[in-house]
Amino acid sequence: QVQLVESGGGLVQAGGSLRLSCAASGSIFISINTMVWYRQAPGKQRELVASITTGSTTNYADSVKGRFTISRDNAKNTVYLQMNSLKPEDTGVYYCNTLRYAGIGRYWGQGTQVTVSS
């Protein structure tokens, strides 16, 4: 059974930090997948926030560049998203997935809520 479990969200003041985790299990092995973090704000479409390839090349949305850092621990089959200098517009539900499954809309987890107060 494929499972992606996000955690680490919460309520934080603007300027604060959070570290999100995404534990993969079942037939998802992050070591052989490009992994992505998406977020969905209320009333908006899900948007790509960050990605990390199997070679650890990273890419970020312009809105989070310089503030967020994606990383991976292949031994723990876990992906992380370190979020610093948080802004109210970062509020939303954050999801992780493989790039492939995100593209076909499969195996999304429950996400983790991030709320940034001003």
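Use the structure listed above.
Computed from a predicted model, the values in this text were never measured in an experiment.

**A word on the pairing of strand E10 (residues 112–117)**
Part 1 of the reasoning: The alternating pattern of E10 places Thr112, Val114 and Val116 on a buried face, while none of Gln113, Thr115 and Ser117, on the opposite face, is buried.
Part 2 of the reasoning: Note that strand E2 (residues 10–13) and E10 share four bridges and pair parallel. Residue Gln13 lies in a different strand from E10, and its bridge partner there is Ser117.

**Some words on the sheet that holds strand E8 (residues 78–83)**
Part 1 of the reasoning: One open sheet accounts for four strands, arranged E1-E3-E8-E7; its pairing is antiparallel. At either margin of the open sheet sits one strand with a lone partner, and together these are strand E1 (3–7) and strand E7 (68–73). Taken over all neighbouring pairs, the strand axes of this sheet differ in orientation by 15° on average, direction set aside.
Part 2 of the reasoning: In the sheet, E1 pairs with strand E3 (residues 18–25) via five bridges, with the strands oriented antiparallel. Each bridged residue has a counterpart across the sheet, and for Leu4 the counterpart in E3 is Ala24.

**As for the state of the cysteines**
Part 1 of the reasoning: Counting across every chain of the model gives one disulfide.
Part 2 of the reasoning: Linked covalently through their sulfurs, Cys22 and Cys96 form a disulfide whose S-S length is 1.6 Å. Between Cys22 and Cys96, the S-S torsion sits near 45°, and that sign places the bridge as right-handed. Of this pair, Cys22 sits in strand E3 while Cys96 sits in strand E9 (residues 92–98), placing them 74 residues apart in sequence.
Part 3 of the reasoning: Owing to a relative accessible area of 0%, Cys22 belongs among the buried residues under this scheme.

**Considering the pairing of strand E4 (residues 35–40)**
Part 1 of the reasoning: Counting buried residues along E4, five of its six residues qualify, which places the element largely inside the surrounding structure.
Part 2 of the reasoning: By the bridge criterion, five bridges tie E4 to strand E5 (residues 47–52) in an arrangement that is antiparallel. Bridged to Tyr38 within E5 is Leu48.
Part 3 of the reasoning: Linking E4 back to E5 in an antiparallel pair, the connection comprises six residues, with Gly43 at a positive phi of about 75°.

**A short note on the packing of aromatic side chains**
Part 1 of the reasoning: Per the stated rule, a full pass over the model turns up three aromatic pairs.
Part 2 of the reasoning: Relative to Trp108, the ring of Tyr95 has its centre 5.9 Å away and its plane inclined at 75°; by these criteria the two rings are edge-to-face. With Tyr95 in strand E9 and Trp108 in the loop between helix H1 (99–103) and E10, the pair connects residues that are 13 residues apart, well separated along the chain.
Part 3 of the reasoning: With 4.6 Å between their ring centres and 75° between their planes, Tyr101 and Tyr107 make a pair best called edge-to-face.
Part 4 of the reasoning: Judged by relative accessible area, Tyr101 falls into the buried class, the value being 13%.
Part 5 of the reasoning: Residue Tyr107 is classed as partly exposed on the basis of its relative accessible area of 30%.
Part 6 of the reasoning: Joined through ring pairs, the aromatic side chains of Tyr38, Tyr95 and Trp108 make up one cluster.

**With respect to the side chain of Arg67**
Part 1 of the reasoning: Counting through the fold element by element, Arg67 comes out in the loop between strand E6 (58–60) and E7.
Part 2 of the reasoning: Here Arg67 falls in the buried class, since its relative accessible area comes to 10%.
Part 3 of the reasoning: Of note is the side chain of Arg67, whose polar atom sits 2.8 Å from the side chain of Asp90.
Part 4 of the reasoning: The residues contacting Arg67, other than those within four sequence positions of it, are Gln82, Met83, Asn84, Ser85, Leu86, Lys87 and Asp90.

Cut-offs used in this document
- Residues numbered from 1 in each chain as written.
- Predicted model: local features only at pLDDT ≥ 70, side-chain atom pairs only at ≥ 80, totals over all residues.
- Heavy atoms only, no water.
- Buried < 20%, exposed > 50% of the residue type's maximum accessible area, 1.4 Å probe, protein only.
- Helix = DSSP H or I, 4+ residues; strand = E, 2+ residues; numbered from the N terminus.
- Pairing = 2+ DSSP bridges.
- Axes fitted to C-alpha atoms, helices over the stretch in contact; angles between N-to-C directions.
- Disulfide = S-S within 2.5 Å.
- Phe/Tyr/Trp six-rings, centres within 6.5 Å; stacked < 30°, edge-to-face > 60°.
- Polar contact = N/O pair within 3.5 Å; in protein donor to acceptor, adjacent residues only side chain to side chain.
- Contact = heavy atoms within 4.5 Å.

Read these as geometric descriptors, not functional statements.
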